Amino acid sequence: MKDEHLVVRAGSTAHGPYALDIDPERAGWGYSSLRVLTLDAGGSHLLSAGESEWIVLPLNGGCTVLVDGEIFELRGRNGVFDGVSDFVYVPRDAHAQIASGAGGRFALAGAKCERRLPARYGPAPEVPVEQRGSGTCAREVHNFAAADAFACDRLIAVEVLTPGGNWSSYPLHKHDERREGADPESELEEIYYYEFERGGLGYQRVSPSREGGADLVAEVATGDAVLIPDGWHGPSIAPPGRTMYYLNVMAGPGAERAWQISFHPDHTTEGYR
C-alpha cells in the first residue's frame, strides 16, 4: 500500500466537463494521458490536442467529432458492458469539437507524440475482439487501438471485460524497460480506468520489478484509475457476480510502437495468458 499515490480516486481530478483528468504532469511521467468527458444533452466541448494524439471513445452515448474539416458520427453504445464501440482518432496540433445530442460520457485516451497522422474513424465491426485466458482467468479484450490493430504514433489502448470472480491481467507481467533480442520488452507507461457492473469493488495489485519500484494493493471502484509507471501488474480481480471493465492506455519512448511484455517467472501457468 506504500504507493497509494498511484490510485486516482473518482472525482479527485474532476474539473469543468471532465470527471477524470490525468496528464503526464499529474502522473509524473512523459507520455500517457486519459480524460473522461461528460456532456449533457445538447452539450459540446472543444478538445485542443496540443502535443498529444487522442482517441475519442464513447463509454456511454454517442457524439459527433468535428476535426480537420471532417465530421465523424459516433454511434457509441449504451454502456461499456454493451459491446464494442466505434471511435475517432484526433491528431496532435488539432482542435476537435465534440458534441452530443443526447449526452454521454467519452474517454479521451492520449499520448504525447511526434508525428501528425490523419484524423480517422474506427468502425466498431473492425475492432478485433480477443478471448484471452481460460477458466477463472478468462476475459474479453477489445483491441480497438492495439499496436497491430489501428495506426497511431505512440498511443496504445484496449478495453478488457473480466467476468465476476475472475482474475485478469494475469499472469503478472511488466513492460518497464527496453529490451531487444529473443526476449523483447517495451517501455510503456500505463493507466487503468475501471467501471463495475451494478457497482461493486475490485482489486488491483502492482508489485516491484526493481528495488524501490511500484508496490500497491488497491481497492478500486467505478471511476477510479491506477497509474502504472513500472512494476509487475496483476492480478486485476473482479467481484463475484459483477463484470469488471477497465480501459488500458499506454505509451512510451520507444522508437517502435509495440506491446512487448515479460511474464513473472513465478506466474507463468500456461492457458491463463
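In the block above lies the structure referred to throughout.
Quick caveat: nothing in here was measured; it's all calculated off a predicted structure.

Participant: For this particular structure, what's the right way to read the pairing of strand β4 (residues 43–48)?
Facilitator: Two faces, one strand: in a regular strand the side chains alternate between the faces of the sheet. By the alternation rule, side chains of β4 split into G43, H45 and L47, which are all buried, and S44, L46 and S48, of which none is buried. Where β4 and strand β8 (residues 95–100) come together, six bridges link them in antiparallel fashion. What sits directly across from L46, in β8, is Q97.

Participant: Is there a simple way to think about the pattern of salt bridges in this case?
Facilitator: Going through the model one piece at a time under the given rule, you end up with 21 salt bridges. A salt bridge links R210 to D176; its shortest N-O distance comes to 3.3 Å. Note that R210 is positioned in the loop between β19 (202–207) and β20 (216–220) and D176 in strand β16 (residues 176–179), a separation of 34 residues in sequence. For R210, a relative accessible area of 40% gives the class partly exposed. Overall, D176 belongs to the buried group, its relative accessible area being 8%. Here E177 ties to R179 by a salt bridge, and the two come within 3.3 Å at their closest N and O atoms. According to the relative accessible area criterion, E177 is partly exposed, its value standing at 34%.

Participant: Even after reading the chapter, I still don't get the sheet that holds strand β13 (residues 156–162), so can you show me in this structure?
Facilitator: Two orientations exist for strands paired in a sheet by backbone hydrogen bonds: parallel and antiparallel. Judged by pairing direction, the sheet is antiparallel, and its seven strands sit side by side in the order β1-β21-β18-β23-β13-β12-β11 without closing on themselves. Every interior strand has two partners, whereas the edge strands, β1 (7–8) and β11 (129–132), have only one. With four bridges connecting them, strand β12 (residues 139–145) and β13 associate as antiparallel partners. Along β13, the bridge assignment pairs A145 with A157.

Participant: Looking at this structure, how should I read the pairing of strand β7 (residues 87–90)?
Facilitator: Side-chain alternation along β7 places F87 and Y89 on one buried face and V88 and V90 on a second face that is also buried. Pairing of strand β5 (residues 52–67) with β7, which is carried by three bridges, proceeds in the antiparallel orientation. Looking at β7, one finds that W54 is bridged to V90. With three bridges connecting them, β7 and strand β10 (residues 120–122) associate as antiparallel partners. For V88, the partnering residue across the bridge sits in β10 and is Y121.

Participant: Honestly, the environment of Y18 in this entry has me stumped. Any pointers?
Facilitator: Relative to the helices and strands, Y18 is located in strand β2 (residues 18–22). Taking relative accessible area as the criterion, Y18 reaches 6% and is therefore assigned buried. Sequence separation between Y18 and G103 is 85 residues, and the spatial gap between their C-alpha atoms is 14 Å. Leave out the neighbours within four places in its chain, and Y18 touches R35, V36, L37, H45, L47 and L108. Within the structure, Y18 has its side chain in polar contact with the side chain of H45 (distance 2.8 Å).

Thresholds applied
Residues numbered from 1 in each chain as written. Predicted model: local features only at pLDDT ≥ 70, side-chain atom pairs only at ≥ 80, totals over all residues. Heavy atoms only, no water. Buried < 20%, exposed > 50% of the residue type's maximum accessible area, 1.4 Å probe, protein only. Helix = DSSP H or I, 4+ residues; strand = E, 2+ residues; numbered from the N terminus. Pairing = 2+ DSSP bridges. Salt bridge = Lys/Arg side-chain N within 4 Å of Asp/Glu carboxyl O. Contact = heavy atoms within 4.5 Å. Polar contact = N/O pair within 3.5 Å; in protein donor to acceptor, adjacent residues only side chain to side chain.

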